[in-house]
Amino acid sequence: MTNKAPLRIAIDLTATPRSKTGIGRYMLGLLKGLQAVDKVNEYYLFTQDDDLDGFGVFAPNFHVVPCNSKILRKQYIRILWEQVVFPWRLRKLNIDVLHCPNFTMPYPVRLVHPKMAVVGTFHDMTYFFLPEYHVGWKREFFKAYIKLTAPRADKIITISKNSANDIPKYCKPKNKDFAITYMGVKETFFEGELATDDVLAKYKIEGDYIIYVGTLEPRKNIPALIAGYSMLDKELHDKYKLVIVGKKGWLYDEIYETIQKNPDIKDNIIFTGYVDDEDMIPLIKRARALAYVSHYEGFGIPVIEGMAAGVRVVTSYGSSLEEVSGGNAILCEPSNVDTIKSALNKALTESPEVANEAIAKAKEHARIFNWEACGEGSVKAYEDAVSFRESRKSKQN
(Lines give C-alpha, C1' and ligand atoms only; values in the text may rest on other atoms or scores of the structure.)
Protein backbone atom coordinates (compact mmCIF):
# COMPACT_ATOMS: atom_id res chain seq x y z
CA MET A 1 0.00 0.00 0.00
CA THR A 2 1.14 3.58 -0.72
CA ASN A 3 0.98 6.61 1.59
CA LYS A 4 -1.67 8.30 -0.57
CA ALA A 5 -5.13 9.10 0.77
CA PRO A 6 -7.42 6.05 1.07
CA LEU A 7 -9.40 5.23 -2.05
CA ARG A 8 -13.17 4.87 -2.13
CA ILE A 9 -13.64 1.66 -4.13
CA ALA A 10 -16.97 0.33 -5.39
CA ILE A 11 -17.48 -3.28 -6.51
CA ASP A 12 -20.55 -4.21 -8.55
CA LEU A 13 -21.93 -7.52 -7.24
CA THR A 14 -25.46 -7.06 -8.60
CA ALA A 15 -25.01 -9.58 -11.44
CA THR A 16 -23.88 -12.33 -9.05
CA PRO A 17 -26.51 -15.04 -8.43
CA ARG A 18 -27.23 -16.30 -4.93
CA SER A 19 -25.82 -19.75 -5.77
CA LYS A 20 -22.14 -18.95 -6.18
CA THR A 21 -20.55 -20.72 -9.15
CA GLY A 22 -18.03 -19.48 -11.71
CA ILE A 23 -17.72 -15.71 -11.35
CA GLY A 24 -19.63 -15.94 -8.06
CA ARG A 25 -16.85 -18.08 -6.57
CA TYR A 26 -14.30 -15.59 -7.88
CA MET A 27 -16.09 -12.75 -6.10
CA LEU A 28 -16.36 -14.69 -2.82
CA GLY A 29 -12.65 -15.41 -2.88
CA LEU A 30 -11.65 -11.91 -3.99
CA LEU A 31 -13.61 -10.30 -1.14
CA LYS A 32 -11.99 -12.71 1.33
CA GLY A 33 -8.57 -11.73 0.02
CA LEU A 34 -9.28 -8.00 -0.06
CA GLN A 35 -10.51 -8.02 3.53
CA ALA A 36 -7.36 -9.85 4.62
CA VAL A 37 -4.88 -7.49 2.94
CA ASP A 38 -6.50 -4.05 2.76
CA LYS A 39 -7.35 -2.25 6.02
CA VAL A 40 -6.92 1.23 4.53
CA ASN A 41 -9.19 1.79 1.54
CA GLU A 42 -12.97 2.04 1.88
CA TYR A 43 -15.06 -0.44 -0.10
CA TYR A 44 -18.69 -0.09 -1.18
CA LEU A 45 -20.23 -3.38 -2.30
CA PHE A 46 -23.36 -2.97 -4.41
CA THR A 47 -25.29 -6.14 -3.59
CA GLN A 48 -28.82 -7.39 -4.18
CA ASP A 49 -30.78 -7.21 -0.92
CA ASP A 50 -31.77 -10.90 -0.97
CA ASP A 51 -28.07 -11.85 -0.66
CA LEU A 52 -26.64 -9.34 1.82
CA ASP A 53 -25.00 -12.08 3.91
CA GLY A 54 -23.82 -14.10 0.92
CA PHE A 55 -20.35 -12.61 0.46
CA GLY A 56 -18.76 -13.05 3.88
CA VAL A 57 -18.28 -9.33 4.54
CA PHE A 58 -16.98 -8.59 8.05
CA ALA A 59 -14.22 -5.94 7.85
CA PRO A 60 -15.15 -2.44 9.11
CA ASN A 61 -13.88 -0.72 5.95
CA PHE A 62 -16.22 -2.83 3.75
CA HIS A 63 -19.74 -1.43 3.39
CA VAL A 64 -22.65 -3.29 1.81
CA VAL A 65 -24.89 -1.10 -0.36
CA PRO A 66 -28.28 -2.88 -0.71
CA CYS A 67 -30.01 -2.88 -4.10
CA ASN A 68 -33.62 -3.92 -4.71
CA SER A 69 -33.56 -7.60 -5.71
CA LYS A 70 -37.26 -7.68 -6.60
CA ILE A 71 -36.35 -5.44 -9.51
CA LEU A 72 -32.73 -6.31 -10.27
CA ARG A 73 -33.13 -10.11 -10.40
CA LYS A 74 -34.87 -9.41 -13.73
CA GLN A 75 -31.88 -9.25 -16.03
CA TYR A 76 -33.11 -6.62 -18.47
CA ILE A 77 -34.06 -4.31 -15.59
CA ARG A 78 -30.67 -4.84 -13.96
CA ILE A 79 -28.95 -3.81 -17.21
CA LEU A 80 -31.12 -0.69 -17.40
CA TRP A 81 -30.35 0.12 -13.74
CA GLU A 82 -26.64 -0.38 -14.37
CA GLN A 83 -26.63 2.11 -17.24
CA VAL A 84 -29.07 4.74 -15.91
CA VAL A 85 -29.16 4.67 -12.08
CA PHE A 86 -25.80 3.19 -11.05
CA PRO A 87 -23.61 6.05 -12.40
CA TRP A 88 -25.48 8.58 -10.24
CA ARG A 89 -25.14 6.42 -7.12
CA LEU A 90 -21.40 6.18 -7.75
CA ARG A 91 -21.18 9.94 -8.10
CA LYS A 92 -23.18 10.50 -4.90
CA LEU A 93 -20.73 8.31 -2.96
CA ASN A 94 -17.78 10.10 -4.62
CA ILE A 95 -16.25 6.77 -5.68
CA ASP A 96 -12.61 6.85 -6.85
CA VAL A 97 -12.50 3.40 -8.48
CA LEU A 98 -15.23 1.10 -9.74
CA HIS A 99 -14.47 -2.62 -10.16
CA CYS A 100 -16.78 -4.33 -12.65
CA PRO A 101 -16.10 -8.09 -12.39
CA ASN A 102 -18.26 -9.37 -15.22
CA PHE A 103 -17.12 -7.82 -18.55
CA THR A 104 -19.61 -4.96 -18.58
CA MET A 105 -19.61 -1.46 -16.98
CA PRO A 106 -21.98 1.53 -16.70
CA TYR A 107 -20.88 3.34 -19.86
CA PRO A 108 -22.62 6.69 -19.14
CA VAL A 109 -20.49 7.03 -15.99
CA ARG A 110 -17.87 8.80 -18.11
CA LEU A 111 -20.32 11.68 -18.44
CA VAL A 112 -21.85 11.54 -14.96
CA HIS A 113 -18.70 10.94 -12.88
CA PRO A 114 -15.72 11.49 -15.21
CA LYS A 115 -12.94 11.54 -12.61
CA MET A 116 -13.65 7.97 -11.45
CA ALA A 117 -11.36 5.17 -12.65
CA VAL A 118 -12.84 1.89 -13.88
CA VAL A 119 -11.33 -1.59 -13.51
CA GLY A 120 -12.89 -4.44 -15.50
CA THR A 121 -12.34 -8.17 -15.08
CA PHE A 122 -12.24 -10.21 -18.31
CA HIS A 123 -12.23 -13.90 -17.42
CA ASP A 124 -11.86 -15.29 -20.95
CA MET A 125 -12.69 -14.53 -24.57
CA THR A 126 -14.72 -17.64 -25.37
CA TYR A 127 -17.71 -15.60 -26.57
CA PHE A 128 -15.57 -14.84 -29.64
CA PHE A 129 -13.71 -18.05 -30.46
CA LEU A 130 -16.04 -20.69 -28.98
CA PRO A 131 -19.42 -19.16 -29.86
CA GLU A 132 -21.13 -22.54 -30.12
CA TYR A 133 -20.79 -23.02 -26.36
CA HIS A 134 -22.91 -19.97 -25.49
CA VAL A 135 -26.58 -19.09 -25.88
CA GLY A 136 -26.96 -16.83 -28.93
CA TRP A 137 -28.38 -13.68 -27.32
CA LYS A 138 -25.99 -13.92 -24.36
CA ARG A 139 -23.00 -14.43 -26.65
CA GLU A 140 -23.76 -11.33 -28.70
CA PHE A 141 -24.45 -9.22 -25.60
CA PHE A 142 -21.13 -10.12 -24.01
CA LYS A 143 -19.16 -9.66 -27.22
CA ALA A 144 -20.59 -6.15 -27.36
CA TYR A 145 -19.85 -5.55 -23.65
CA ILE A 146 -16.22 -6.60 -24.07
CA LYS A 147 -15.70 -4.38 -27.11
CA LEU A 148 -17.30 -1.42 -25.30
CA THR A 149 -15.55 -1.94 -21.96
CA ALA A 150 -12.00 -2.58 -23.20
CA PRO A 151 -11.33 0.95 -24.57
CA ARG A 152 -13.13 2.60 -21.63
CA ALA A 153 -11.59 0.74 -18.68
CA ASP A 154 -8.51 2.23 -17.05
CA LYS A 155 -7.24 -1.22 -16.07
CA ILE A 156 -8.19 -4.78 -17.00
CA ILE A 157 -7.78 -7.67 -14.57
CA THR A 158 -7.67 -11.21 -15.91
CA ILE A 159 -7.15 -14.54 -14.20
CA SER A 160 -4.42 -16.30 -16.20
CA LYS A 161 -1.56 -15.61 -18.59
CA ASN A 162 -3.47 -17.56 -21.22
CA SER A 163 -6.45 -15.20 -20.98
CA ALA A 164 -4.14 -12.17 -21.02
CA ASN A 165 -2.71 -13.40 -24.33
CA ASP A 166 -6.22 -13.78 -25.80
CA ILE A 167 -7.68 -10.39 -24.84
CA PRO A 168 -5.91 -8.15 -27.42
CA LYS A 169 -6.95 -10.51 -30.22
CA TYR A 170 -10.64 -9.65 -29.82
CA CYS A 171 -10.87 -6.11 -28.43
CA LYS A 172 -8.89 -2.88 -28.15
CA PRO A 173 -7.94 -2.19 -24.53
CA LYS A 174 -7.02 1.39 -23.70
CA ASN A 175 -4.49 0.13 -21.14
CA LYS A 176 -2.65 -2.96 -22.42
CA ASP A 177 -0.83 -3.51 -19.11
CA PHE A 178 -3.14 -6.22 -17.77
CA ALA A 179 -3.17 -7.31 -14.13
CA ILE A 180 -3.02 -11.12 -13.85
CA THR A 181 -4.52 -12.25 -10.53
CA TYR A 182 -4.76 -16.00 -10.16
CA MET A 183 -7.73 -17.33 -8.23
CA GLY A 184 -7.24 -18.97 -4.84
CA VAL A 185 -8.27 -22.01 -2.83
CA LYS A 186 -10.06 -22.16 0.50
CA GLU A 187 -7.98 -23.56 3.35
CA THR A 188 -10.78 -26.08 3.97
CA PHE A 189 -9.76 -27.92 0.80
CA PHE A 190 -6.36 -28.62 2.37
CA GLU A 191 -7.41 -29.35 5.93
CA GLY A 192 -11.11 -30.29 5.91
CA GLU A 193 -12.65 -33.68 6.57
CA LEU A 194 -13.74 -36.30 4.04
CA ALA A 195 -17.44 -36.75 3.36
CA THR A 196 -19.17 -38.99 5.86
CA ASP A 197 -21.42 -41.87 4.85
CA ASP A 198 -24.38 -39.67 5.81
CA VAL A 199 -23.28 -37.00 3.31
CA LEU A 200 -22.89 -39.64 0.59
CA ALA A 201 -26.35 -40.99 1.38
CA LYS A 202 -27.78 -37.47 1.11
CA TYR A 203 -26.77 -37.45 -2.56
CA LYS A 204 -27.47 -41.17 -3.16
CA ILE A 205 -23.77 -41.99 -3.61
CA GLU A 206 -22.62 -45.50 -2.75
CA GLY A 207 -19.00 -46.63 -2.74
CA ASP A 208 -16.06 -44.99 -4.52
CA TYR A 209 -16.44 -42.42 -7.26
CA ILE A 210 -14.94 -39.98 -9.74
CA ILE A 211 -16.24 -36.43 -9.31
CA TYR A 212 -16.89 -33.55 -11.69
CA VAL A 213 -17.69 -30.08 -10.29
CA GLY A 214 -19.04 -27.26 -12.43
CA THR A 215 -22.03 -25.86 -14.26
CA LEU A 216 -23.72 -28.12 -16.80
CA GLU A 217 -22.94 -26.31 -20.05
CA PRO A 218 -21.35 -27.24 -23.40
CA ARG A 219 -17.87 -25.83 -22.76
CA LYS A 220 -17.38 -28.17 -19.81
CA ASN A 221 -17.37 -31.16 -22.19
CA ILE A 222 -19.42 -33.41 -19.92
CA PRO A 223 -20.73 -35.63 -22.76
CA ALA A 224 -17.13 -36.53 -23.66
CA LEU A 225 -16.36 -37.21 -19.99
CA ILE A 226 -19.34 -39.57 -19.84
CA ALA A 227 -18.31 -41.23 -23.10
CA GLY A 228 -14.76 -41.70 -21.83
CA TYR A 229 -16.08 -43.13 -18.59
CA SER A 230 -18.33 -45.53 -20.54
CA MET A 231 -15.24 -46.97 -22.29
CA LEU A 232 -13.59 -48.05 -19.03
CA ASP A 233 -13.55 -51.75 -18.15
CA LYS A 234 -16.71 -53.01 -16.48
CA GLU A 235 -14.87 -53.75 -13.24
CA LEU A 236 -13.97 -50.05 -13.00
CA HIS A 237 -17.60 -49.06 -13.68
CA ASP A 238 -18.71 -51.37 -10.93
CA LYS A 239 -16.17 -49.94 -8.49
CA TYR A 240 -16.31 -46.22 -9.34
CA LYS A 241 -19.44 -44.17 -9.97
CA LEU A 242 -19.28 -40.87 -11.88
CA VAL A 243 -20.71 -38.08 -9.70
CA ILE A 244 -21.59 -34.85 -11.53
CA VAL A 245 -21.92 -31.90 -9.16
CA GLY A 246 -23.38 -28.66 -10.48
CA LYS A 247 -26.52 -26.83 -11.46
CA LYS A 248 -28.00 -26.88 -14.95
CA GLY A 249 -26.70 -24.01 -17.06
CA TRP A 250 -27.58 -23.95 -20.75
CA LEU A 251 -27.55 -26.25 -23.81
CA TYR A 252 -27.15 -29.30 -21.57
CA ASP A 253 -29.47 -31.76 -23.37
CA GLU A 254 -26.53 -33.55 -25.01
CA ILE A 255 -25.36 -34.68 -21.57
CA TYR A 256 -28.51 -36.73 -21.01
CA GLU A 257 -28.55 -37.91 -24.64
CA THR A 258 -25.04 -39.33 -24.16
CA ILE A 259 -26.24 -41.33 -21.16
CA GLN A 260 -29.16 -42.71 -23.17
CA LYS A 261 -26.64 -43.93 -25.78
CA ASN A 262 -24.77 -45.82 -23.05
CA PRO A 263 -27.52 -47.57 -21.05
CA ASP A 264 -25.05 -49.93 -19.35
CA ILE A 265 -23.67 -47.07 -17.27
CA LYS A 266 -26.90 -45.17 -16.67
CA ASP A 267 -27.17 -46.29 -13.04
CA ASN A 268 -23.52 -45.43 -12.38
CA ILE A 269 -23.89 -41.70 -13.13
CA ILE A 270 -25.21 -39.52 -10.34
CA PHE A 271 -26.35 -35.90 -10.75
CA THR A 272 -26.43 -34.04 -7.44
CA GLY A 273 -27.46 -30.60 -8.68
CA TYR A 274 -25.94 -27.56 -7.00
CA VAL A 275 -24.06 -28.38 -3.78
CA ASP A 276 -22.76 -25.74 -1.38
CA ASP A 277 -19.19 -25.76 -0.06
CA GLU A 278 -20.20 -27.38 3.23
CA ASP A 279 -20.86 -30.64 1.38
CA MET A 280 -18.95 -30.10 -1.87
CA ILE A 281 -15.49 -29.89 -0.31
CA PRO A 282 -15.87 -33.14 1.68
CA LEU A 283 -17.29 -34.82 -1.45
CA ILE A 284 -14.22 -33.82 -3.46
CA LYS A 285 -11.86 -34.95 -0.69
CA ARG A 286 -13.43 -38.43 -0.59
CA ALA A 287 -13.34 -38.94 -4.37
CA ARG A 288 -10.77 -41.19 -6.02
CA ALA A 289 -10.26 -38.60 -8.76
CA LEU A 290 -11.60 -35.26 -9.98
CA ALA A 291 -12.23 -35.04 -13.73
CA TYR A 292 -12.47 -31.63 -15.40
CA VAL A 293 -11.94 -32.08 -19.14
CA SER A 294 -13.29 -28.71 -20.29
CA HIS A 295 -12.69 -27.51 -23.84
CA TYR A 296 -11.42 -24.17 -22.53
CA GLU A 297 -11.16 -22.25 -19.24
CA GLY A 298 -10.01 -18.80 -18.25
CA PHE A 299 -8.67 -20.40 -15.07
CA GLY A 300 -10.38 -23.66 -14.08
CA ILE A 301 -10.62 -23.44 -10.29
CA PRO A 302 -11.91 -27.04 -9.75
CA VAL A 303 -8.50 -28.28 -10.95
CA ILE A 304 -6.68 -26.46 -8.15
CA GLU A 305 -9.39 -27.32 -5.64
CA GLY A 306 -9.01 -31.03 -6.48
CA MET A 307 -5.24 -30.83 -5.99
CA ALA A 308 -5.67 -29.00 -2.67
CA ALA A 309 -8.19 -31.64 -1.58
CA GLY A 310 -5.64 -34.40 -2.11
CA VAL A 311 -7.18 -36.27 -5.03
CA ARG A 312 -5.81 -37.16 -8.44
CA VAL A 313 -6.91 -34.64 -11.10
CA VAL A 314 -7.68 -35.35 -14.75
CA THR A 315 -7.88 -32.26 -16.95
CA SER A 316 -7.30 -30.96 -20.47
CA TYR A 317 -4.29 -29.94 -22.51
CA GLY A 318 -4.25 -26.29 -23.56
CA SER A 319 -5.96 -23.08 -22.36
CA SER A 320 -5.29 -22.12 -18.74
CA LEU A 321 -5.88 -25.66 -17.48
CA GLU A 322 -2.41 -26.79 -18.48
CA GLU A 323 -0.99 -23.48 -17.17
CA VAL A 324 -2.49 -23.65 -13.68
CA SER A 325 -2.06 -27.41 -13.21
CA GLY A 326 1.68 -26.92 -13.68
CA GLY A 327 2.49 -30.51 -14.66
CA ASN A 328 0.63 -31.94 -11.65
CA ALA A 329 -2.46 -33.37 -13.39
CA ILE A 330 -3.12 -36.24 -15.76
CA LEU A 331 -3.77 -34.49 -19.08
CA CYS A 332 -6.00 -35.52 -21.96
CA GLU A 333 -7.15 -34.08 -25.26
CA PRO A 334 -10.72 -32.84 -24.61
CA SER A 335 -11.87 -33.55 -28.16
CA ASN A 336 -10.51 -37.12 -28.10
CA VAL A 337 -12.63 -39.53 -26.04
CA ASP A 338 -9.94 -42.22 -26.18
CA THR A 339 -7.45 -39.98 -24.35
CA ILE A 340 -10.10 -39.10 -21.75
CA LYS A 341 -10.68 -42.81 -21.17
CA SER A 342 -6.93 -43.42 -20.85
CA ALA A 343 -6.50 -40.54 -18.39
CA LEU A 344 -9.37 -41.78 -16.23
CA ASN A 345 -7.99 -45.31 -16.35
CA LYS A 346 -4.57 -44.07 -15.20
CA ALA A 347 -6.08 -42.11 -12.31
CA LEU A 348 -8.04 -45.16 -11.13
CA THR A 349 -5.35 -47.83 -11.52
CA GLU A 350 -2.11 -46.15 -10.43
CA SER A 351 -0.27 -47.85 -7.61
CA PRO A 352 -0.76 -46.23 -4.20
CA GLU A 353 2.93 -45.23 -4.13
CA VAL A 354 2.78 -43.42 -7.48
CA ALA A 355 -0.58 -41.80 -6.73
CA ASN A 356 0.42 -40.61 -3.26
CA GLU A 357 3.65 -39.06 -4.52
CA ALA A 358 1.79 -37.22 -7.31
CA ILE A 359 -0.96 -36.07 -4.92
CA ALA A 360 1.56 -34.69 -2.42
CA LYS A 361 3.36 -32.75 -5.14
CA ALA A 362 0.07 -31.41 -6.54
CA LYS A 363 -1.08 -30.34 -3.07
CA GLU A 364 2.10 -28.34 -2.59
CA HIS A 365 1.60 -26.74 -6.01
CA ALA A 366 -1.94 -25.72 -5.06
CA ARG A 367 -0.54 -23.71 -2.13
CA ILE A 368 0.71 -21.01 -4.50
CA PHE A 369 -2.91 -20.11 -5.37
CA ASN A 370 -4.34 -18.05 -2.53
CA TRP A 371 -6.95 -15.31 -2.27
CA GLU A 372 -4.66 -12.98 -0.33
CA ALA A 373 -2.36 -12.76 -3.36
CA CYS A 374 -5.42 -12.19 -5.56
CA GLY A 375 -6.49 -9.40 -3.20
CA GLU A 376 -3.06 -7.76 -3.24
CA GLY A 377 -2.94 -7.88 -7.03
CA SER A 378 -6.41 -6.36 -7.23
CA VAL A 379 -5.54 -3.48 -4.85
CA LYS A 380 -2.52 -2.71 -7.01
CA ALA A 381 -4.79 -2.76 -10.09
CA TYR A 382 -7.11 -0.22 -8.43
CA GLU A 383 -4.16 2.05 -7.65
CA ASP A 384 -2.77 1.63 -11.18
CA ALA A 385 -6.17 2.50 -12.65
CA VAL A 386 -6.27 5.77 -10.70
CA SER A 387 -2.73 6.64 -11.80
CA PHE A 388 -3.52 5.75 -15.41
CA ARG A 389 -6.61 7.93 -15.44
CA GLU A 390 -4.79 10.85 -13.80
CA SER A 391 -1.94 10.61 -16.30
CA ARG A 392 -4.34 10.66 -19.24
CA LYS A 393 -6.16 13.67 -17.84
CA SER A 394 -2.88 15.54 -17.35
CA LYS A 395 -1.87 14.82 -20.94
CA GLN A 396 -5.20 16.18 -22.17
CA ASN A 397 -4.77 19.44 -20.21
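Preceding block: the structure.
Position labels on residues start from 1 in each chain and follow its written sequence. Reporting in this predicted model follows two pLDDT cut-offs: at least 70 for local features of residues, and 80 or more for side-chain atom pairs to be given and counted; totals over whole chains, interfaces and linings ignore these cut-offs and use all residues. Side-chain descriptors were evaluated using all non-hydrogen atoms of the structure, hydrogens and water having been removed beforehand.

Colleague: Please give an account of the overall build of the protein chain that cites residues and values.
Modeller: For the purposes of this entry, the term helix denotes a DSSP run of H or I that reaches at least four residues, the term strand denotes a run of E that reaches at least two, and both are numbered from the N terminus. Helix and strand content of the protein chain: 19 helices and 13 strands. Computed over its C-alpha atoms, the radius of gyration of the protein chain comes to 22 Å, within 12% of the 21 Å expected for a compact globule of 397 residues. In terms of principal-axis extent, the alpha carbons of the protein chain reach across some 75 × 40 × 40 Å. Exposure categories follow from relative accessible area, calculated using a 1.4 Å probe and restricted to protein chains: below 20% of the type maximum is buried, above 50% is exposed, and the middle band is partly exposed. Put simply, the protein chain has 397 residues, and 56% of those count as buried. Contacts were defined at the residue level, with two residues in contact if any of their heavy atoms lie within 4.5 Å. Look at the contacts in the protein chain between residues 6 or more apart in sequence, and 68% of them connect residues 24 or more apart. In these tables, accessible area is a Shrake-Rupley quantity obtained with a 1.4 Å probe, and a residue counts as shielded only by the protein chains included in the view. As presented, the protein chain carries roughly 17,300 Å² of accessible surface, and 52% of it is formed by carbon and sulfur atoms. Only C-alpha atoms enter the radius of gyration; for comparison, a globular chain is expected to reach 2.2 Å times N to the power 0.38, where N is the number of residues.

Colleague: Pulling in residues and values, what's your account of the packing of aromatic side chains?
Modeller: We describe a pair of aromatic rings using the distance from one ring centre to the other and the angle between the two ring planes. Here a pair means two rings of Phe, Tyr or Trp (six-membered ring of Trp) with centres within 6.5 Å. Their orientation is stacked below 30 degrees between planes, edge-to-face above 60, and tilted elsewhere. With the rule as written, the count across this model stands at 20 aromatic pairs. Centre to centre, the rings of Y182 and F369 are 5.4 Å apart; their planes meet at 75°, and the pair counts as edge-to-face. Of this pair, Y182 sits in the loop between β7 (179-180) and α9 (187-191) while F369 sits in the loop between α18 (352-366) and α19 (371-396), and the two are 187 residues apart along the sequence. Note on F369: relative accessible area 4%, which makes it buried. Cluster of aromatic residues (ring-pair linked, three or more members): F103, F122, Y127, W137, F141, F142 and Y145. Only when the NZ of Lys or the CZ of Arg is both within 6 Å of the ring centre and within 35 degrees of the ring normal is a charge said to sit over the ring. Just above the ring of F190 sits the side chain of R367; from NZ or CZ to the centre is 3.8 Å.

Colleague: Can you tell me about the sheet that holds strand β13 (residues 330-332), naming the residues and giving the values?
Modeller: Read from one edge to the other, the open sheet built from 6 strands follows the order β10-β9-β8-β11-β12-β13, with strand pairing classed as parallel. Two strands in the sheet have a free side with no partner beyond their single neighbour: β10 (269-273) and β13. Looking at each pair of strands side by side, their axes are set apart by 25° on average, direction ignored. Criterion used throughout: strands pair if DSSP finds at least two bridges between them. Every axis corresponds to a line fitted to the C-alpha atoms, with the helix fit spanning only the stretch in contact, and the corresponding angles, defined between N-to-C directions, vary from 0 to 180 degrees.

Colleague: Pulling in residues and values, what's your account of the pairing of strand β6 (residues 155-158)?
Modeller: Here β6 shows two buried faces, one formed by K155 and I157 and the other by I156 and T158. In this sheet, β6 lies alongside strand β5 (residues 117-121) in parallel orientation, the contact comprising 3 bridges. Paired with T121 across the strands is I157, a residue of β6. As paired elements, β6 and β7 share 2 bridges and run parallel to each other. Counterpart to I157 in the pairing with β7 is A179.

Colleague: Describe helix α1 (residues 23-37), naming the residues involved and giving the relevant values.
Modeller: Along its 15 residues, α1 runs 21 Å from first to last C-alpha, staying within 8% of the 21 Å computed at 1.5 Å per residue. Within α1, the full set of buried residues consists of G24, R25, Y26, M27, G29, L30, L31, G33, L34 and Q35. Helix span is expected to be 1.5 Å times the residue number reduced by one.

Colleague: So what about the side chain of Q83? Which residues, and what values?
Modeller: Examined against the element boundaries, Q83 turns out to sit in helix α3 (residues 75-84). Judged by relative accessible area, Q83 falls into the buried class, the value being 17%. Any pair of N or O atoms that falls within 3.5 Å is considered a polar contact. Within protein, one atom must be able to donate a hydrogen and the other to accept it, and sequence-neighbouring residues count only if both atoms are side-chain atoms. Side-chain polar atoms of Q83 contact the side chain of E82, separated by 2.7 Å. Sequence-distant contacts of Q83, that is, excluding residues within four places in its chain, are made with T104, M105, P106, Y107 and P108.

Colleague: Give me the lowdown on the pairing of β10, citing residues and values where you can.
Modeller: In the sheet, strand β9 (residues 240-245) pairs with β10 via 4 bridges, with the strands oriented parallel. From the neighbouring strand, L242 faces β10, where its bridge partner is I269. Here a crossover is taken to be right-handed if, once the strands point away from the viewer, the path from the first strand over the helix to the second is traced clockwise. The parallel pair β9 and β10, bridged by helix α13 (residues 253-261), forms a crossover whose chirality is right-handed.

Colleague: Tell me what's going on with helix α8 (residues 161-170), and back it up with residues and numbers.
Modeller: Looking only at α8, the buried set comprises N162, S163, A164, D166 and I167. Where α8 is buried, its residues meet α6 (126-129), β6, β7 and α16 (319-325).

Colleague: Explain the sheet that holds strand β1 (residues 8-12) residue by residue, including any values.
Modeller: A sheet is described by the order of its strands in space; here 7 strands give the open sequence β3-β2-β1-β4-β5-β6-β7, paired in parallel fashion. Pairing within the sheet leaves two strands with one partner each, and these edge strands are β3 (62-67) and β7.

Colleague: Go over the side chain of T126, please, and point to the residues and values.
Modeller: Residue placement: T126 occurs in helix α6. Of note is the side chain of T126, whose polar atom sits 2.8 Å from the side chain of D124. A distance of 3.0 Å separates the side chain of T126 from the side chain of H134, its partner in a polar contact. Aside from chain neighbours lying at most four places away, what touches T126 is P131, H134, R219 and Y296.

Colleague: How would you explain the nonpolar core if you had to name every residue and give the values?
Modeller: By nonpolar core we mean a set of buried residues, namely Ala, Val, Leu, Ile, Met, Phe, Trp, Tyr and Cys, connected to one another through side-chain atoms within 4.5 Å. Counting residues in each nonpolar core, the largest one holds 93 residues, and the members touching the most others are I11, I211 and L283. Top contributing element to this core by residue count: α19, with 7 residues. With near-sequence residues (within four places) excluded, I211 lies in contact with V243, V245, L283, I284, A287, A289, L290 and A291. Core analysis: the second largest hydrophobic core is formed by 33 residues, Y107, Y145, A153 and I167 among them.

So yeah, pure geometry; function would need other evidence.
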